[in-house]
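Chains, contacts and geometry: an overview
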Amino acid sequence: MSTTWWARSWHYFWYVVREFTSLPLALWLLWFLVEIQRAQNGPKGYYPHSSTGFVVFSVIVLLFAVYHSVTFLGLAGVILHFEFLDRPVPSRLIVMSQFAIWLVASAVIAFVLVYFGR
Amino acid sequence: MDGQVDQESYDVLIVGGGLAGIRAAIAAAEMNPRLRIGMVSKVYPMRSHTVSAEGGAAAVMSKEDSFETHAFDTIKGSDYLADQDVVEAFVREAPLEVIQMEHWGCPWSRNPDGTIAVRPFGGMTTWRTCFAADKSGFHMLHTVFQTSLKYPQIRRHDEAFVTKLLVEDSRCVGVVAIDMRSGRFTALTAKSTILATGGLGRIYAFTTNGNICTGDGMALAYRAGVPLKDMEMVQFHPTGLPFTGILITEAVRGEGGYLLNREGERFLKRYVPNKMELGPRDIISRAMVTEFEAGRGFEGPHGLYMHLDVRHLGEAVIDRKLPFMRELGREFLGIDIVKDPIPVRPVQHYMMGGIDADISGLTPMPGLYAAGECANVGLNGGNRLGSNSLPECLVFGAAAGRAAADYASGARPVTSNPVDSMLRDETRRVESSFLEKKDGEERIGEIREDMQRSMDEGAGVYRTKEGITELIKRLDSFRERFQKIRLYDSSRTFNTELTSALELDFMLDVAETVAHSALAREESRGAHARRDFPDRHDEKFLKHTLAHATDGAPRLEYSDVTITHFQPQARSY
Amino acid sequence: MTEKKITVRATRFDPDRDEKPRLQSYEIPFPDDSMVVLDALNFIKAHVDGSLSYRWSCRMGICGSCGMMVDGIPKLACNVFLRDYWPRSVTVEPLNNFPIVRDLVIDMGDFMHKLQSVKPWIIRKQELPLGAGEHRQTNEQIDGFRQFSQCINCMLCYAACPVYGLNHEFLGPAATALARRYNLDSRDQGLKQRLPVIADPEGVWECSFVGECSVVCPKGVDPAKAIQQTKLDTTMRFVLPYGNRE
């Protein structure tokens, strides 16, 4: 296997990107923990000079996370199989339900963060 | 360059890894688990041509059916050339083999109540063809192959090309084979040997058969002195795709497909009015050729053809019963059979003739058995009914496996001295006749293509004395040209030019037996149709043709057909 | 009118004489639009260079012999139309991720070993006697595993899988699909016997769902689906106290 195997086709390339997203996600989590630690002193003192950088980095990582989540949730239709009333549930329905759960969960978490952040 | 010599010994050795060969191996292993069983094949078993069979396996599965009906259908289908005792034993064993396959995992299509379903098929008066969608051969081959993996006493030699039978004191004691990977010559000795090498379609240019169907086992037996029986009986399947020759299963007609000529007419009403598209293959192929000659065929870039129409069946039926046909249409022709008619023409497909063998697969040579398409046990006579050959492989593969195992359990071991020198002689023969030929001018591929074209012309659906005589002349000339071949591949590793040359050598032999047998049978019976002798002549020709090898042309003899219950009658549908 | 031609480049390698594989170029007539790559190879072997070696048999996409890399993508040579490449040249190479034996022929030993390792036969606690007839099974039950039973063992999926390329111990797509075929067959009771091989770290767990195997599969087997479903099934068996998913 050559070291540039991932460049051989678009499929391979986007797969490596998908796998790679775990790295920035992990880094973001560490940075986030640092920010939480900083925020311990209350909202008054919490606008460290790194905030813009953090926001920008967060946006980039959000894009990665969305890409990873979309590919992951899309696969639910492949992996899961259910039967309802003796007929297989169409995979599109399963995928849509996964995205719906994701959106609902995101909305709930967003609401909680904003509400308690005020 | 010397190839190293090697010997391995078995109790039972099977040549060929298709449905009959693998079934024989399992039968031998089950009969006597202590036997050492070898299976040698020039390809990995999953590649055997069984894999392309589509339609199904006929067996008496319901109370509405009877052994007598299945036997009569088969005997009438054979144009009364079948040996009736063999047919009667076959129809009794076939249902057990179908059940055995099911137990081993074959995904037979089912009735709503979970029992094995049956479909109508050509020449069968009742629905009795069990099927695994329209990939029956694929599923059956993979089932037996995967099942065979659980028997550790079956040892496989994959991609080993058998060049000659080893005969000592008129007894078959094994084979010489070339391991394709290393180029080494090996003697595989055995107390009993079963040939299960399949058909010979590649002697023809237009055939459903794959590259590997070159009549190897038939030629091996023939050269060792075993006669080939009824070689003139070559089956032409009515529905092959033009250009490629890819098979469109008879099941398409079984499910209700129509054969239409250029005028949109279901022309078979003028040939087999009572059975229409479900008539026997030989009659339908001749009907199509007759229609072509009357100018009622479609003209295309790859010859004349008819339409096989399934549009009226609807997408649901096609996807459930004929999904592979839809796939083939899409991938190879870019058509959708739900909306387009399928172009078809008669194509060489099966060989009723083959190695002379009895009901247990035993040939006239002690220690040598044959099963499957390469054998002629007397089941199919002058014409085989569709869906009889898959159960044929199972029934007679199992029978040969048991008989060979039984013989091996009591036979004396093979002595190594004569085998050593036979192996050395054969190695020398192949090396000097093929590998060392550097100054010849003929290419293997070119002689082969000329032979194939000549066979299509001279030994096709309709034959004439002039046509066959010309064919024989050409075959003789190809033999001469073959003496002057040049091989461009002198490698020891995976030399497929050498194996192609060896295959061509075999094919020229079996082609010769086809031509000579066809010339001598001056009547029309089953698939053998002579324009100059259009009628059947039971008084003279209700006999099997036996072709024996000589230094020149084959010597022909005739043997009786076994008749038990069904006296020959006129054959019409 | 000049005849149409096409250039085919094929890998050549004879271990007795060559240090490494090289590409050889052949220009051949292209008279018929229905011609496939296999037809080109056959023409070369018959009329131009008899020493070109490759596997083929059925030419109808069911025997699985003719798997090759065509312009870098694993395909069955019998079902790739030259017209989709003409007037450009076509490059034919042996399947990726397998040791090369000769020209376009690769070593299938590892694959055959993996196929056998998943015990691809019906395993039952108690065999049904022949006289009892067939197991009752419906077409719907067969539909449950039908897709995974379509594998022709062509190995295109192994050639496409970068995980297999990086780690030859990986069980791989086709073997897992075959294991699942038997695990889902209502007649089979052998899941437990197959678990050690499929639930092994180098069994399904090595797969990181690249998904290329299912993209290249010529028979729609979807081995990626088989592997992910197997991951879920084996996990549930492990997690649930009365893991009874057979």
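Residues numbered from 1 in each chain as written. Chains lettered and ligands numbered in written order. Predicted model: local features only at pLDDT ≥ 70, side-chain atom pairs only at ≥ 80, totals over all residues. Heavy atoms only, no water.

Turning to the overall build of chain A, a few remarks are in order. Looking only at helices and strands, chain A features five helices and two strands. Its helices and strands in sequence order give chain A the pattern α-α-α-α-β-β-α, from N to C terminus. Its C-alpha atoms give chain A a radius of gyration of 19 Å, clearly above 13 Å, the size a compact globule of 118 residues would have. Once the C-alpha set of chain A is aligned to its principal axes, its extents read approximately 60 × 50 × 15 Å. (Helix = DSSP H or I, 4+ residues; strand = E, 2+ residues; numbered from the N terminus. Rg over C-alpha atoms; globule rule 2.2 N^0.38 Å.)

This brings us to unusual backbone geometry. Cis geometry marks the peptide bond from Trp 86 of chain C to Pro 87 of chain C; its omega dihedral reads 5°. Of note, Asp 169 of chain B is a non-glycine position whose phi angle comes to about 55°, a positive value. Mapping Asp 169 of chain B onto the fold places it in the loop between strand E7 (160-168) and strand E8 (171-179). At Asp 71 of chain C, a position not held by glycine, the phi torsion is positive, near 50°. The topology assignment puts Asp 71 of chain C in the loop between strand E3 (67-70) and strand E4 (73-76). For Asp 71 of chain C, a relative accessible area of 32% translates into the label partly exposed. (Buried < 20%, exposed > 50% of the residue type's maximum accessible area, 1.4 Å probe, protein only.)

A few words on the interface of chain C and chain B. Interface size is commonly expressed as the accessible area that is lost once the parts come together. Contacts between chain C and chain B engage 69 residues on the former and 71 residues on the latter. Taking both sides of the interface into account, the surface hidden between chain C and chain B amounts to around 5800 Å²; carbon and sulfur atoms contribute 50%. Our count for the contact surface shared by chain C and chain B stands at six salt bridges. Glu 159 of chain B is the partner of Arg 55 of chain C in a salt bridge, and the nearest nitrogen-oxygen pair spans 2.7 Å. Along the lines of polarity and charge, the residues of the side of chain C that touches chain B split into 31 nonpolar, 19 polar and 19 charged. (Contact = heavy atoms within 4.5 Å. Buried area = accessible area lost by both parts, 1.4 Å probe. Salt bridge = Lys/Arg side-chain N within 4 Å of Asp/Glu carboxyl O. Nonpolar A, V, L, I, M, F, W, Y, C, P; charged D, E, K, R; others polar.)

All names here are of chain A. Together, Val 104, Val 108, Ile 109, Phe 111, Val 112, Leu 113, Val 114, Tyr 115 and Phe 116 make up a nonpolar patch on the protein surface, roughly 970 Å² of accessible area in all. Secondary-structure assignment places Phe 111 in helix H5 (residues 91-117). The exposure class of Phe 111 is exposed, given its relative accessible area of 57%. (Patch = residues over 30% accessible without salt bridge, like charges linked within 9 Å, V, L, I, M, F, W, Y side chains within 5 Å. Areas by Shrake-Rupley, 256 points an atom, 1.4 Å probe, with all protein chains shown as cover.)

Residues and elements named next belong to chain C. Between helix H7 (residues 191-198) and helix H9 (residues 223-239), the shortest axis-to-axis distance is 12 Å and the interhelical angle comes to 115°. In terms of axis orientation, H7 runs roughly perpendicular to H9. Taken as a pair, H7 and H9 cross one another with a handedness that is left-handed. Seen from H7, the contacting residues are Leu 191, Lys 192, Leu 195 and Ile 198; seen from H9, they are Thr 230, Thr 234 and Arg 237. Of the residues that constitute the contact of H7 with H9, the class distribution is three nonpolar, two polar and two charged. (Axes fitted to C-alpha atoms, helices over the stretch in contact; angles between N-to-C directions. Parallel < 35°, antiparallel > 145°, perpendicular 65-115°, else oblique. Left-handed = near helix turned anticlockwise from the far one by under 90°.)

Residues and elements named next belong to chain B. Within the secondary structure, Glu 97 is located in helix H3 (residues 84-103). Looking at Glu 97, the relative accessible area reads 4%, which means it is buried. When near neighbours in sequence (up to four residues on either side) are disregarded, Glu 97 contacts Arg 23, Leu 394, Val 395, Ala 398 and Arg 402.

The next point concerns the nonpolar core. All names here are of chain B. The biggest cluster of nonpolar side chains holds 265 residues, and the ones touching the most others in it are Trp 108, Leu 195, Ile 203, Met 451, Met 455 and Val 514. For this core, the leading source of residues is helix H14 (residues 496-520), giving twelve residues. Not counting residues within four places of it along the chain, the set of residues in contact with Val 514 comprises Leu 200, Ile 203, Tyr 204, Met 231, Glu 232, Val 234, Met 351, Met 455 and Ala 459. (Core = buried A, V, L, I, M, F, W, Y, C linked by side-chain atoms within 4.5 Å.)

Next up on the list: empty space enclosed by the protein. Scanning all chains against the criterion turns up nine cavities of 30 Å³ or more. Put simply, the second largest cavity is a space of about 110 Å³. Contributing to the lining of the second largest cavity are 13 residues, with His 139, His 142 and Gln 146 of chain B together with Ser 149 and Arg 181 of chain C lying nearest its centre. Of all the secondary-structure elements, those providing two or more residues to the lining of the second largest cavity are helix H4 (136-148) of chain B together with helix H6 (173-184) of chain C. Looking at the lining of the second largest cavity residue by residue, the classes come out as six nonpolar, six polar and one charged. (1 Å grid on protein atoms, 1.4 Å probe; cavity = no way out; pocket = protein on both sides within 12 Å on 5 of 7 lines; lining within 4 Å. Points joined across faces, edges and corners; volume = space filled by probe spheres on them.)

This next bit is on the arrangement of the chains. For the two pairs of chains in contact, the maximum contact count is reached by chains B and C. Chain A makes no contact with chain B; the smallest distance between any of their C-alpha atoms is 15 Å.

We now examine H4 of chain B. Taking 1.5 Å per residue as the helical rise, H4 of chain B with its 13 residues ought to reach 18 Å, and the 18 Å between its terminal C-alpha atoms agrees with that figure. Among the 13 residues that make up H4 of chain B, 13 are buried, leaving the element largely enclosed by the rest of the structure. (Expected span 1.5 Å × (residues − 1).)

Attention shifts here to the sheet that holds strand E4 (residues 118-119) of chain B. Residue and element names in this part refer to chain B. The three strands lie next to each other as E3-E5-E4, forming an open sheet whose pairing is antiparallel. Edge strands, defined here as strands with exactly one partner in the open sheet, are strand E3 (57-58) and E4. Direction of pairing for E4 relative to strand E5 (residues 129-130): antiparallel, over a ladder of two bridges. Bridge assignment links Val 118 to a residue of E5, and that residue is Cys 130. (Pairing = 2+ DSSP bridges.)

Here we come to the interface of chain C and chain A. Counting from both sides, the interface comprises 18 residues of chain C and, opposite them, 14 residues of chain A. For the pair chain C and chain A, the summed buried surface comes to about 1300 Å²; carbon and sulfur atoms form 63% of the total. Counting across the interface, chain C meets chain A through five residue pairs in polar contact (both at pLDDT 80 or more). For the side of chain C that touches chain A, the secondary structure elements donating two or more residues are helix H4 (156-160), helix H5 (162-166), helix H8 (212-216) and H9 of chain C. Ranked by residue count, the leading element in the side of chain C that touches chain A is H9 of chain C, at four residues. Residue classes in the side of chain C that touches chain A are distributed as nine nonpolar, six polar and three charged. (Polar contact = N/O pair within 3.5 Å; in protein donor to acceptor, adjacent residues only side chain to side chain.)

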